[in-house]
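Take a look at the letters that make up each chain.
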Amino acid sequence: MALAETQLYAKVSNKHRSKSTSALLESLLAKGFPAHVAQKALVATGQKTIEDAAKWLHSHCNDPTLDDPIPQEYALYLCPTGHLLDRLQEFWKESKRQCGRNRAHEVFPHVTLCDFFTCEDQKVELLYDTLKRVGDNFCQCFPPSISLTLHASPSYLGFFIDDSHASVLKDLALAFSSEASALADCHVKPCLKQFHLTLAHKFYPHHQKTLEQLAKCINPREPCQWVAALYSRDMRFVNYQRLRALFQYKPQNIDELLINAGDFISVDPTQQRGVSEGWVVGTSHRTGCRGFLPENYTEKAHESDTWVKHREYVFVTALRSSLETERESNIKLNGEAHNLSMSRSGTKVLSLQLPVNAALRRAVLVMRHGERVDQVFGKSWLQQCLTADGKYYRADLNFPSALPKRKDSMKQFENDPPLSCCGIFQSRLIGEALLDQEVMVNYVYSSPALRCVQTAQHVLQGLKLNQKVKIRVEPGLLEWTKWEGSKVIPNFMTVAELAEASYNIDADYRGTFPLSSLVPSESYEDYVSRSSAVVKQIITACPSKGVILIVGHGSSLASFTQPLTGLPNRDSSALAQMVRKIPSLGMCFCEELKEENKWQMVNPPVKTLTHGANAAFNWRNTIVED
């Protein structure tokens, strides 16, 4: 171990540790993780979700430094957003193309308020509180726009912040550093010199003229909303080079490093002596493991690529608020002013907020079904709900209150399970969210699986379209038949049975793939071919503008979007790994660019739905007998 690292270990291990009461931490502790390891995982992922922290812990299970008490380093930056950021990023890209990389390319556009400082993992939440409190205190006096003046020298190019505005930023930095130092017991040093936003740094002198010409194309008065953001980095790798893996590499020897495409690797330039030509030794950011890897499998990455964004404070200035008020007051309908915060009845006014092109485009929303009963209660769920004479009863509130009637045996539900009550609630919630976002669903297609039909039905109820848009049951949307646990195609409810059970089914629709055409344990190639054919047929059958909703299975998110976007198909093992990561109601959204004759994948119109588990509870066993 290096001397500096040894001293660092000694320094941080002797500090007093306070107990965090974070709900995220408590959830990880309940899963059996040690407190210091759980805190490290939360800090390493920005303390956002349990899923992120658990994934980090799983990836770092072989990390030899997992128990080491080394804290992260934190910095407070003031970052531009909006049109100004767009212009700055254009400059970044063009300056790199014309003049090559310089030191400024290592980090995104920012103004440094407080440079990097260390903070113990269990006290990081105090930094979040400080940022919020200081931001609130300065929100009213924060300048509506910040004056920027271009400054150039043989080794530096950037915008200097005028003194009148710099004084506010100085006070902001001082307030954060003072309060954070006191509360979190760390030494935070504010930046009190000339506040600046760097455009280029440590470049070749003969590039200065070109860089200045590019910089003069940036209008510093572009609309901008400033954000104070707290970032962290791993202090062990501050002076290391960063590489990004282009391809997967599987170790051939015990001292080699497993990398996946997209992994970041930290490489110490001083430790590469004696390494075979074409190889480097580095540490994976994803796993924490160290080993040799082929250098031609990687490309150079930026310093900030491995940083973690924790929290931010958005300064909503008086100028921006007045502009929004003016914009709202100028939007008129039938000669009368209307408020953009109208209820759902004012759909025409609300649609004015959307880009015109987006409202005219065709789109496909592919959605996984909601929570199914066997997902919660296991494959024997039906046995738990049958009386001695074979009648269904609700053994738990998460079981459906009743099962739809079908002509064949109730036992068929074992291979074609319904949604749980939570699954029904999830589906309706997604529909309501789509309604709030003014998403216009014109067509709905569903896998023949009951859970998918029910999901489609309840999404439509949330959208208030259940009496207007009918569900087209398409057998070709069924998941890969090799994954069917029964090794046969389940006996799905017929269209007539679904209609009798009050599901809004399009009885006139004839599927592209009849149920009789599906075979058990089809090959992966056949599944890929079927998926491609059915989604293309759906697109052809739905020419009008608006959203086509496809409710399917976990694999649907890849198998139905790849033929549209032209992305390569995954192999079967990669597909299986991907499906494990897709939750109930997971979504992908593809938008048609008709003028370019292609489709692109974009963010879904609504947020994801995240919730925790709720285990079965027996009061007698827990309260009385314990």
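Just so it is clear, the structure is predicted and the values come from calculations on it, not from any experiment.

1. Some words on the environment of His285
Part 1: With respect to the helices, strands and loops of the structure, His285 is situated in the loop between strand E9 (279-284) and strand E10 (290-294).
Part 2: Between the C-alpha atom of His285 and that of Ser59, which follows or precedes it by 226 residues, the distance is 9.8 Å.
Part 3: Residues within four places of His285 in sequence aside, it is in contact with His60, Phe264 and Thr306.

2. A short note on empty space enclosed by the protein
Part 1: Counting across every chain of the model gives 3 cavities of 30 Å³ or more.
Part 2: Estimated volume of the largest cavity: approximately 70 Å³.
Part 3: When grouped by side-chain class, the residues that make up the lining of the largest cavity number 3 nonpolar, 3 polar and 3 charged.
Part 4: Quantified by volume, the second largest cavity comes out at close to 60 Å³.
Part 5: Considering the residues around the second largest cavity, the lining is formed by Tyr524, Val528, Ser531, Ser532, Ala558, Ser559, Gln562, Pro563, Asn569, Arg570 and Leu575.
Part 6: Breaking the lining of the second largest cavity down by element, the ones donating at least two residues are helix H16 (524-541), helix H17 (556-559) and helix H18 (562-565).
Part 7: Of the residues in the lining of the second largest cavity, the class split is 5 nonpolar, 5 polar and 1 charged.

3. Concerning the pairing of strand E6 (residues 225-234)
Part 1: With 9 of 10 residues buried, E6 lies mostly within the body of the structure.
Part 2: Bridge count between strand E1 (residues 72-81) and E6: 10 bridges; the pairing is antiparallel. Residue pairing for E6: Tyr77 is matched across the bridge by Ala229.
Part 3: With 6 bridges joining them, E6 and strand E12 (residues 308-314) adopt antiparallel strand pairing. Looking at the pairing, Ala229 lines up with Glu312 of E12.

4. With respect to the pattern of salt bridges
Part 1: What the rule picks out here adds up to 26 salt bridges.
Part 2: Glu222 is the partner of Arg87 in a salt bridge, and the nearest nitrogen-oxygen pair spans 3.7 Å. Taken as a pair, Arg87 in helix H5 (residues 83-99) and Glu222 in the loop between helix H8 (208-215) and E6 lie far apart in primary sequence, 135 residues in all.
Part 3: For Arg87, a relative accessible area of 23% puts it in the partly exposed group.
Part 4: Shared partners join several salt bridges into a network, and the residues in it are Glu73, Arg103, Arg233 and Glu303.

5. As for H16
Part 1: With 18 residues, H16 should cover 26 Å at 1.5 Å per step; its first-to-last C-alpha distance of 26 Å lies within 8% of that length.
Part 2: All of the buried residues along H16 are Tyr524, Tyr527, Val528, Arg530, Ser531, Ser532, Val534, Val535, Ile538 and Ile539.

6. Points about the packing of aromatic side chains
Part 1: Taken as a whole, this structure holds 24 aromatic pairs when the rule is applied.
Part 2: Judged by centre distance (6.4 Å) and plane angle (80°), the ring pair of Tyr77 and Phe116 falls under edge-to-face. A residue pair is termed long-range when its members are at least 10 positions apart, and Tyr77 in strand E1 and Phe116 in strand E2 (residues 111-119) qualify at 39 residues. For the pair Tyr77 and Phe116, a shared accessibility class is recorded, and that class is buried.
Part 3: For the ring pair Trp480 and Tyr527, a centre distance of 6.3 Å and an interplane angle of 20° mean the geometry is stacked. A residue pair is termed long-range when its members are at least 10 positions apart, and Trp480 in the loop between strand E17 (471-473) and helix H15 (495-500) and Tyr527 in helix H16 qualify at 47 residues. This pair shows no difference in class: Trp480 is buried, exactly as Tyr527 is.

7. Considerations on the sheet that holds strand E4 (residues 156-161)
Part 1: Spatially, E3-E4-E5 is the arrangement adopted by the 3 strands of the open sheet, whose pairing is antiparallel. In this open sheet, the two strands that pair with only one neighbour each are strand E3 (148-153) and strand E5 (196-201). Taken over all neighbouring pairs, the strand axes of this sheet differ in orientation by 20° on average, direction set aside.
Part 2: Where E4 meets E5, 5 bridges bridge the pair, whose relative direction is antiparallel. Opposite Tyr156, over in E5, you have His201 as the bridge partner.

8. Observations regarding the packing of helix H3 (residues 35-44) against helix H4 (residues 50-59)
Part 1: At a closest axis distance of 8 Å, the pairing of H3 and H4 adopts a crossing angle of 115°. When the axis of H3 is compared with that of H4, the two are roughly perpendicular. Crossing of H3 over H4 shows right-handed handedness. Across the interface between the two elements, Val37, Lys40, Ala41, Leu42 and Ala44 from H3 touch Ala53, Trp56 and Leu57 from H4.
Part 2: Counted by class, the contact of H3 with H4 contains 7 nonpolar, no polar and 1 charged residues.

9. Observations concerning the pairing of E10
Part 1: Pairing analysis gives 5 bridges linking E9 to E10, with the strands arranged antiparallel. Bridge pairing in E10 places Gly282 opposite Gly291.
Part 2: Between E9 and E10, which pair antiparallel one after the other, the connecting turn spans 5 residues, and Gly288 there sits at a positive phi close to 80°.

10. Some points on the sheet that holds strand E20 (residues 598-602)
Part 1: On the basis of which strands lie adjacent, the open sheet formed by 6 strands has the order E17-E16-E18-E15-E19-E20 and mixed pairing. Two strands in the sheet have a free side with no partner beyond their single neighbour: E17 and E20. For this sheet, the mean inter-axis angle between neighbouring strands, taken without regard to orientation, is 25°.
Part 2: Taken together, the 7 bridges between strand E15 (residues 362-368) and strand E18 (residues 546-552) define a ladder with parallel strand orientation. Bridging across to E18, Arg368 finds its partner in Gly552.

11. Considering unusual backbone geometry
Part 1: Positioned with a positive phi, Asp185 is a non-glycine residue whose angle comes to about 55°.
Part 2: Within the element layout of this structure, Asp185 appears in the loop between helix H7 (163-184) and E5.
Part 3: Phi is positive for Lys464, close to 60°, though the residue is something other than glycine.
Part 4: Position of Lys464 relative to the elements: it lies in the loop between helix H14 (450-463) and E17.
Part 5: Under the relative-accessibility criterion, Lys464 is labelled exposed at 56%.

12. A look at H14
Part 1: With 14 residues, H14 extends 20 Å between its outermost C-alpha atoms, agreeing within 8% with the 20 Å of an ideal straight helix rising 1.5 Å per residue.
Part 2: For H14, a buried count of 13 out of 14 residues is recorded, marking the element as mostly surrounded by other parts of the structure.
Part 3: Phi for Lys464, located one or two positions after H14, is positive at around 60°.

Calculation notes
- Residues numbered from 1 in each chain as written.
- Predicted model: local features only at pLDDT ≥ 70, side-chain atom pairs only at ≥ 80, totals over all residues.
- Heavy atoms only, no water.
- Helix = DSSP H or I, 4+ residues; strand = E, 2+ residues; numbered from the N terminus.
- Contact = heavy atoms within 4.5 Å.
- 1 Å grid on protein atoms, 1.4 Å probe; cavity = no way out; pocket = protein on both sides within 12 Å on 5 of 7 lines; lining within 4 Å.
- Points joined across faces, edges and corners; volume = space filled by probe spheres on them.
- Nonpolar A, V, L, I, M, F, W, Y, C, P; charged D, E, K, R; others polar.
- Buried < 20%, exposed > 50% of the residue type's maximum accessible area, 1.4 Å probe, protein only.
- Pairing = 2+ DSSP bridges.
- Salt bridge = Lys/Arg side-chain N within 4 Å of Asp/Glu carboxyl O.
- Expected span 1.5 Å × (residues − 1).
- Phe/Tyr/Trp six-rings, centres within 6.5 Å; stacked < 30°, edge-to-face > 60°.
- Axes fitted to C-alpha atoms, helices over the stretch in contact; angles between N-to-C directions.
- Parallel < 35°, antiparallel > 145°, perpendicular 65-115°, else oblique.
- Left-handed = near helix turned anticlockwise from the far one by under 90°.

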